[in-house]
Amino acid sequence: MNHLIKAEFRRLLATRMWRGLLLAAALLGGGLIGVMALVGPENFDPPMPGLDTEAGLRSILGILGYTALVPAAAGTVAVTSEYRHRTAAVTFMFAPRRGRVLAAKLATYAVIGLAYGIVLAGTAAMALFAVAAARGVSLGLPAATVLALLGRIAVAMVVYLLLGVGMGALIRSQVAALGVVLGYLYLGEPVLMMIPGVNTLYPVLPGGATAALTDFTYLTDAMSAQLDTAAVQLLPPAAGGLLLIAYALTASAIAVIVPMRRDIT
């Protein structure tokens with residue numbers, strides 16, 4: 001099993017996509033949070049609570065959860081590329097026990113997703129603390145709480161990468177799979193939040209579970225204020241985390257079961 005995991009790491013790290021993925025994590029984490037902290041959320045249009053308040057700081061950090069489409073897309077591309085270039089067929093010729101091969105792939109993807117999350121959270125923390133110190137702003141949450149929230153976001157990134165892997169295994173066409181993943185994350189959930197009655201499903205969707213895990217209520221509160229409707233009640237953070245784990249397990253099962261039963265040639 002170890003040699004299969006090592007082989008997967010060698011193959012994946014030889015591609016440019018993973019270096020680009022980690023670069024994107026640094027830009028989205030340090031760059032996005034750094035710019036928002038430097039400008040100050042109180043200067044946004046519309047204005048938000050400042051970094052010296054708990055609500056403002058949670059809102060800024062929670063926005064990072066919406067960068068999850070990047071690891072989700074990366075996981076989708078990683079799997080669909082194997083069907084597109086027929087590399088999986090070669091792998092299974094040398095290692096015919098598909099279950100072990102697919103388990104090695106999942107372990108590799110999970111580590112890559114965690115690396116993305118750590119880079120995202122780490123650069124965000126450095127940028128936030130550096131800008132706050134430069135501006136002389138006292139953050140609205142203790143440093144330990146900020147790091148804990150960023151840690152939750154890092155874990156959520158692993159889930160989204162595995163969701164992309166599962167979708168890539170289910171939909172072999174790269175264009176179609178990317179369209180479904182990005183369309184759902186970028187448009188699907190936000191649109192659902194705008195439909196009265198239907199928006200009650202949001203808390204049990206991946207985006208709602210992520211918002212619950214990170215205690216990010218700004219978007220749901222803003223949406224309810226804009227539409228003059230009752231705010232959608234998110235799950236408790238622990239329940240949101242458990243739901244994300246369930247999504248990750250489901251995506252992993254899809255990534256293993258579907259290729260086991262499918263002709264990949």
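Please read these numbers as outputs of a predicted model, since none were measured by experiment.

With respect to the side chain of serine 59
- For serine 59, the position within the fold is in helix H3 (residues 54-62).
- The class for serine 59 is buried, based on a relative accessible area of 5%.
- Within the local environment of serine 59, its side chain forms a polar contact with the backbone oxygen of alanine 55, the two atoms lying 2.8 Å apart.
- With residues near it in sequence (within four places) discarded, serine 59 still touches Met48, Phe216 and Tyr218.

Some remarks on the packing of H3 against helix H7 (residues 143-170)
- At a minimum axis distance of 10 Å, the contact between H3 and H7 shows a crossing angle of 25°. By the angle class used here, H3 and H7 are roughly parallel. For H3 against H7, the interelement crossing comes out right-handed. Counted together, Leu57, Arg58 and Leu61 of H3 and Thr145, Val146, Leu149, Leu150 and Ile153 of H7 form the full contact between these two elements.

Some thoughts on unusual backbone geometry
- One non-glycine residue, aspartate 215, lies in the positive phi region at around 55°.
- Within the secondary structure, aspartate 215 sits in the loop between helix H9 (206-213) and helix H10 (218-227).
- Overall, the relative accessible area of 32% leaves aspartate 215 in the partly exposed class.

Details of the environment of leucine 57
- Topologically, leucine 57 is positioned in helix H3.
- Taking relative accessible area as the criterion, leucine 57 reaches 0% and is therefore assigned buried.
- The spatial distance from the C-alpha of leucine 57 to the C-alpha of proline 41 is 8.8 Å, given a sequence separation of 16 residues.
- Not counting the four nearest positions on each side in its chain, leucine 57 is found in contact with Gly50, Leu51, Leu128, Leu139, Gly140, Leu141 and Val146.

What to know about the nonpolar core
- In terms of nonpolar packing, the biggest core is built from 51 residues, with Trp18, Leu57, Tyr109, Leu128 and Leu150 touching the most fellow members.
- Elements represented by at least two residues in this core include exactly helix H2 (16-39), H3, helix H4 (69-85), helix H6 (98-135), H7, helix H8 (174-193), H9 and helix H11 (237-260).
- Here the element with the most residues in this core is H7; it accounts for 14 residues.
- Of all hydrophobic cores here, the second largest spans eight residues; its members include Met193, Tyr202, Ala212 and Val232.

Focus on the layout of surface pockets
- Counted as a void, the largest pocket has a volume near 500 Å³.
- Along the walls of the largest pocket sit 22 residues, with Ile63, Tyr66, Leu185, Pro190 and Leu219 positioned nearest its centre.
- Only H8, H9 and H10 provide two or more residues apiece to the lining of the largest pocket.
- Ranked by the residues each element gives to the lining of the largest pocket, the list is headed by H8, at five residues.
- Partitioned by chemical class, the residues of the lining of the largest pocket number 16 nonpolar, five polar and one charged.
- Estimates place the volume of the second largest pocket at around 300 Å³.
- As for the second largest pocket, its lining consists of 17 residues, and the residues nearest its centre are Leu163, Gly164, Met167, Tyr184 and Pro206.
- Broken down by secondary-structure element, the contributors of at least two residues to the lining of the second largest pocket are H7, H8 and H11.
- When residues of the lining of the second largest pocket are assigned to their parent elements, the largest contribution, six residues, is made by H7.
- Within the lining of the second largest pocket, the residues separate by chemical class into 14 nonpolar, three polar and no charged.

About the thresholds
Residues numbered from 1 in each chain as written. Predicted model: local features only at pLDDT ≥ 70, side-chain atom pairs only at ≥ 80, totals over all residues. Heavy atoms only, no water. Helix = DSSP H or I, 4+ residues; strand = E, 2+ residues; numbered from the N terminus. Buried < 20%, exposed > 50% of the residue type's maximum accessible area, 1.4 Å probe, protein only. Polar contact = N/O pair within 3.5 Å; in protein donor to acceptor, adjacent residues only side chain to side chain. Contact = heavy atoms within 4.5 Å. Axes fitted to C-alpha atoms, helices over the stretch in contact; angles between N-to-C directions. Parallel < 35°, antiparallel > 145°, perpendicular 65-115°, else oblique. Left-handed = near helix turned anticlockwise from the far one by under 90°. Core = buried A, V, L, I, M, F, W, Y, C linked by side-chain atoms within 4.5 Å. 1 Å grid on protein atoms, 1.4 Å probe; cavity = no way out; pocket = protein on both sides within 12 Å on 5 of 7 lines; lining within 4 Å. Points joined across faces, edges and corners; volume = space filled by probe spheres on them. Nonpolar A, V, L, I, M, F, W, Y, C, P; charged D, E, K, R; others polar.

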